[in-house]
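Coordinate analysis (summary)
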Amino acid sequence: MSSTAAVNLHNPAVFQAGIPHEVFAEMRATPGLTWSPEHDGTRGFWSVTRYDDLVTVSRDMSTYSSGVGHIQIYDIDEDALEARASMIDMDPPVHTRLRRIISSAFTPRHVKKYKGAIQARVGACLDELEAAGGGNWVDVVAKPIPIGVICDLMGVPEQDHNYLIGLTDHLVAGTGAEPLEPTAYGNTTELRLLPFNSPAAWAMSQYATELADVRRAAPEDDLITKLIEAEIDGERLATEEFANFFRLMIFAGNETTRSSMAHLALYLEQFPDAFAAAQLDRSLIPALTDEVIRYSSAILYFRRTVTAPTELSGTALDVGDKVVMWYCSANFDEAYFPDPYAFRADRPTAPPHAAFGGGGAHFCLGASLARLEIAELISDVLNRDLSFASIGQPEFVESNFVNGIEHLEVTL
Ligand code: HEM
């Protein structure tokens, strides 16, 4: 049992105006998985759009591998897979050993320690916006907060934050349709060997390697020092392993939370009742935070590759089949989220939304940190009673992987 997709989901232009909800609603309503045939030289793939199927795939890591094949829709060569690999493209037990190096820094209890620093960053950004009477919400608020927070944790000096923002923007550009300039930043590596086929990935590795040298000479209480001092089976991370880890953390900790924070401004305008309810009852802020995260579904999908013949939702799957989990669809699955397009401050937290993944070993490491950052932004917006006199049309990032907003002009 299966069907063929009516729309080419591999094409970033399909996401140009945000999540194509009607397309996914139709796919969810169709029994079995949906097949997207080969397109633009990319082998066909199966789409998982329903919540329960997504949870099944996320939790069965031996049948649905992150280490075999790529975690994005397009395939890459074996040597490229190896050169780019970080824990997100690995299966247990190797994945488990890598994740364990830093997982203690991201527990809900541990991230509470960052609350004061997060509040200071949020406050400074909103002060700037208020002083100017508005501006591009993405540049003034959504970009600087998450990059500032993840850089603080990693141990990246403040003066380099903007450089890293530029690099992560250029990384995401690699998921768009436009080809990138191969020699940008002085890159000498073939683009196919770099994450997102972007020269910015090379520049980030160079940066990480230099910073690691600085920390080897003078260790600090930060994650870079933790990574360079960690030993797995008696061995330290090789230079490339460290650089790939660093890049994953900067990208994952930054681009995702930024996208949800960018959408938050839209929701303030579109769904004022939800924010008014939280204004009156601050105990709603955690649920409202999760509603922002569900509704924005910052990461649109991740892919797995089938390692043994199996069946999902009545569709037979073969070894090597690509299975794409659309978080942005599962989060609106009417079977699990009643009235899914309603934006509610009091949506029940069970079942949990799938924006951080459907459970399993790769479940978002930074979920507690992202929640804290977004909750602090909501709190401060409510404290200031911030409201927009006008809000411009959002310019979406051209990508079928990240639900980002490039530009959103607001006037206070
Ligand atoms: C709204 C914000 C965020 C969203 C929507 C999000 C989403 C996701 C998703 C969907 C995954 C893959 C889950 C899976 O495959 O099962 C993931 C993994 C990951 N996330 Fe997040 N994320 C966010 C914020 C963050 C932050 C702030 C960090 C900071 C450290 C972070 C670090 C990571 C890492 C390191 C992984 C890979 C985990 C692994 O492979 O074990 N994320 N995230």
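Refer to the structure above for everything that follows.
Summarised in this report is the structure supplied together with it. (Residues numbered from 1 in each chain as written. Predicted model: local features only at pLDDT ≥ 70, side-chain atom pairs only at ≥ 80, totals over all residues.)

Bringing helix 13 (residues 272-280) into the picture now. Residues of helix 13 that are buried: Ala-274, Phe-275 and Ala-278. For helix 13, the angular spread of buried residues about the axis comes to 95°, placing them on one side. Of the residues in helix 13, the exposed ones pointing more than 90 degrees away from the buried face are Pro-272, Asp-273, Ala-276 and Leu-280. (Buried ≥ 20, exposed ≤ 12 C-beta atoms within 10 Å, placed from the backbone. Helix = DSSP H or I, 4+ residues; strand = E, 2+ residues; numbered from the N terminus. Arc of directions from axis to C-beta.)

Our next topic: the nonpolar core. If you look at the biggest cluster of nonpolar residues, it comprises 108 residues, and the most contacted ones within it are Val-48, Leu-300, Val-323, Val-324, Met-325, Trp-326 and Tyr-327. Counting residues per element, this core draws most heavily on helix 12 (residues 239-270), which supplies 13 residues. Aside from chain neighbours lying at most four places away, what touches Val-48 is Leu-33, Asp-53, Leu-54, Val-57, Val-323, Val-324, Met-325 and Trp-326. (Core = buried A, V, L, I, M, F, W, Y, C linked by C-beta atoms within 7 Å. Contact = placed C-beta atoms within 7 Å.)

Let us look at the site of the ligand. Taken together, 28 residues lie around the ligand, and Gly-253, Gly-357, His-362, Cys-364 and Gly-366 are the ones closest in. Looking at the shell around the ligand, the elements that each hand over two or more residues are helix 12 and helix 16 (367-383). Among the elements that make up the shell around the ligand, the one with the highest residue count is helix 12 (seven residues). Grouping the amino acids of the shell around the ligand by side-chain chemistry returns 18 nonpolar, nine polar and one charged. (Near = placed C-beta within 6 Å. Nonpolar A, V, L, I, M, F, W, Y, C, P; charged D, E, K, R; others polar.)

This brings us to the packing of helix 12 against helix 14 (residues 285-296). Axis separation between helix 12 and helix 14 bottoms out at 9 Å; the angle between their running directions is 105°. Regarding the angle of helix 12 to helix 14, the classification is roughly perpendicular. Of helix 14, the residues touching helix 12 (which contributes Ser-259, Ser-260, His-263, Leu-264 and Tyr-267) are Val-292, Ile-293, Tyr-295 and Ser-296. Across the contact of helix 12 with helix 14, the residue classes tally to five nonpolar, four polar and no charged. (Axes fitted to C-alpha atoms, helices over the stretch in contact; angles between N-to-C directions. Parallel < 35°, antiparallel > 145°, perpendicular 65-115°, else oblique.)

A sheet is described by the order of its strands in space; here three strands give the open sequence 5-15-12, paired in antiparallel fashion. Each having just a single partner strand, strand 5 (134-136) and strand 12 (390-391) make up the two edges of the open sheet. In the sheet, strand 5 pairs with strand 15 (residues 409-411) via three bridges, with the strands oriented antiparallel. The residue bridging Gly-134 from the neighbouring strand is Thr-411, located in strand 15. (Pairing = 2+ DSSP bridges.)

Among the five residues in strand 11 (residues 322-326), five count as buried, and that is most of the element. Where burial is concerned, the two faces of strand 11 agree: the one with Lys-322, Val-324 and Trp-326 and the one with Val-323 and Met-325 are both buried. Strand direction decides the pairing type here: strand 3 (residues 45-48) and strand 11, joined by three bridges, are parallel. Bridge pairing links Val-48 to Met-325 in strand 11.

Let's shift gears to the packing of helix 8 (residues 144-154) against helix 12. Relative to each other, helix 8 and helix 12 sit at 155°, their axes nearing to 8 Å. Regarding the angle of helix 8 to helix 12, the classification is roughly antiparallel. Along this stretch, helix 8 crosses helix 12, giving a crossing that reads as right-handed. Contacts between helix 8 and helix 12 pair Ile-145, Pro-146, Ile-147, Ile-150 and Met-154 from the former with Met-249, Ile-250, Gly-253, Asn-254, Thr-257, Arg-258 and Met-261 from the latter. Class assignment for the residues of the contact of helix 8 with helix 12 results in eight nonpolar, three polar and one charged. (Left-handed = near helix turned anticlockwise from the far one by under 90°.)

A word on unusual backbone geometry. That bond from Pro-92 to Pro-93 is cis: its omega, 5°, falls within 30 degrees of zero. Considering the arrangement of structural elements, one finds Pro-93 in the loop between helix 3 (78-84) and helix 4 (94-102). Cis geometry is adopted by the peptide bond preceding Pro-351, which originates at Ala-350 and carries an omega value of 0°. Mapping Pro-351 onto the fold places it in the loop between helix 15 (327-330) and helix 16. One non-glycine residue with positive phi stands out, namely Phe-196, at about 55°. Looking at the secondary structure, you find Phe-196 in the loop between helix 9 (161-173) and helix 10 (199-217). Of the residues examined, Phe-196 has 23 C-beta atoms within 10 Å and is grouped as buried. Its identity is not glycine, yet Asp-233 carries a phi of approximately 50°, on the positive side.

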